[in-house]
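# Understanding the architecture of this molecule
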Amino acid sequence: MEFDIKKKLDLRNVSCPMNFVKTKVALDSLQKDELLEVILDEGDAMLNVPRSVKEEGHQVVKVENMGTAFMVVIKKG
Amino acid sequence: MSEKPARELWGDLAALKKIGMVQQKQKEYFALRLRAVGGDLTSAQLRKIVEVADKYGRGELHLSTRQGIEIHNVHHTDIENARKELETAGVYMGACGPRVRIIVACPGNSTCRWGIIDTKTPAKELDSKYFREDTPHKFKLAVTGCPHNCAKATENDIGVMGAILPAWRGDACTDCGLCVSICPTNAIEKRPLPDGKSRYVLLEDKCINCSICTSSCPADSWVVEKRGYNLFIGGTMGKIPRLGTILKKLLDKPELDTLIERSLRYYQKNGRKKERFGHMLDRLGAAQVKQEILDGV
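Thresholds, definitions, all that
Residues numbered from 1 in each chain as written. Chains lettered and ligands numbered in written order. Predicted model: local features only at pLDDT ≥ 70, side-chain atom pairs only at ≥ 80, totals over all residues. Helix = DSSP H or I, 4+ residues; strand = E, 2+ residues; numbered from the N terminus. Rg over C-alpha atoms; globule rule 2.2 N^0.38 Å. Buried ≥ 20, exposed ≤ 12 C-beta atoms within 10 Å, placed from the backbone. Contact = placed C-beta atoms within 7 Å. Core = buried A, V, L, I, M, F, W, Y, C linked by C-beta atoms within 7 Å. Domains from an automatic or database assignment.

### Section: the overall build of chain A
- Counting its regular elements, chain A contains two helices and four strands.
- Reading chain A from its N end, one meets helices and strands in the order β-α-β-α-β-β.
- A compact globule built from 77 residues would reach a C-alpha radius of gyration of about 11 Å, and chain A, at 11 Å, matches this within 12%.
- Considering chain A as a whole, with its 77 residues, one finds that 32% of them fall into the buried category.
- Here the contacts in chain A between residues at least 6 apart in sequence split such that 63% fall between residues at least 24 apart.

Put into structure tokens, the structure is as follows:
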């Protein structure tokens, strides 16, 4: 599936909760249903950010394993 | 008792240990071990503890490894008065020696986003049922809200852990792959279907029942099929560390209560002096003992 990504953020080495704060700010600048791509470290970042994104009403639509990090595509809710 | 000189307390030392009054190496002085189930105290109780430490001790408090508070350096002539004053605020003594110790618990689902179960109620129940019961060696129980295991259920003689069994509901799944990426034990496998979509399969032998998939799934495609308690027996740290052995997974509350009761009775009957529950399991054969406890022999 091809994704029309509106914005990209590399959040590797950005720790919790700043990685989520930056994700939230980026999502605020998008319209409903537009897509944000973030790169998150493995571990705590992947455990917390996708869950917080869900709690804020957005939706993770794709996750790709990049080795020690993950590329996550989020649709603004 | 409070009028007796220290040398006359020798005969009572075991009795004093039983109620959490532990003679220090400075023989005239005692450490008062207080009982706080799951580490919970009110601010009023804490103020009373501080007051007693100032009045009868040297204003010195020690946080124990089992979420309790100890008041150190209380002279033997003051221990009884100190105890009575603590009791006016609902603060009671702990335990030491070969018996059931203070029950440890994490905050559970009262405040923690990962908490699967209420930990405080079972911790209080275990406390009122078993606290201070005599056992062959010390006996420790812990209740932890989920498999993150913050209250270290696997390091206690009895460890209760909140647990869920996840199940995959394909109709809602968007095939994003998040679950495969975040499962801490790689217990979820993605299997391609002929129509280009995917099926996600739970490998139950690898699953640790933690709820990370069900909490995070963006489409709520992973759902909680069952919620219950995983029960570990025979964990200990100390001189010969041994992690707990799983007795049974995903128990309901009555089953949990029954198996804890049987485990403790089994240990009281079969354990040797100075032998922890886990070391008894290893001596008799863990598989055999597990079976006997499960069968109620």
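### Quick look at the nonpolar core
- If you look at the biggest cluster of nonpolar residues, it comprises 91 residues, and the most contacted ones within it are Leu40 of chain A together with Leu32, Leu34, Ile49, Ile103, Ala105 and Cys179 of chain B.
- Apart from the residues within four sequence positions on either side, Leu32 of chain B is in contact with Gly20, Met21, Glu70, Ile71, Val74, Ile79, Ala82 and Met93 of chain B.

### What about the environment of Cys213 of chain B?
Residue and element names in this part refer to chain B.
- Inspection of the secondary structure puts Cys213 in helix α6 (residues 212-216).
- In the structure, Cys213 is positioned 76 residues away from Val289 in sequence and 34 Å away in space, judged by C-alpha atoms.
- Once you skip the residues sitting within four places of it in the chain, Cys213 turns out to touch Pro166, Cys179, Cys183, Ile188 and Trp222.

### Side note on unusual backbone geometry
- That bond from Cys16 of chain A to Pro17 of chain A is cis: its omega, 0°, falls within 30 degrees of zero.
- You can see Pro17 of chain A is positioned in the loop between β1 (5-10) and α1 (18-28).
- At Asn13 of chain A, a residue that is not glycine, the phi angle is positive and equals roughly 70°.
- For Asn13 of chain A, the position within the fold is in the loop between β1 and α1.
- Even without being a glycine, Leu250 of chain B presents a positive backbone phi close to 55°.
- Inspection of the secondary structure puts Leu250 of chain B in strand β12 (residues 245-251).

### Some thoughts on the domain arrangement of chain B
All names here are of chain B.
- Taken as a whole, chain B is organised into domain 1 (6-93), domain 2 (104-163 + 227-295) and domain 3 (164-225).
- For domain 1 versus domain 2, the distance between C-alpha centres works out to 27 Å.
- Counting residues at the interface gives five residues for domain 1, matched by eight residues for domain 2.

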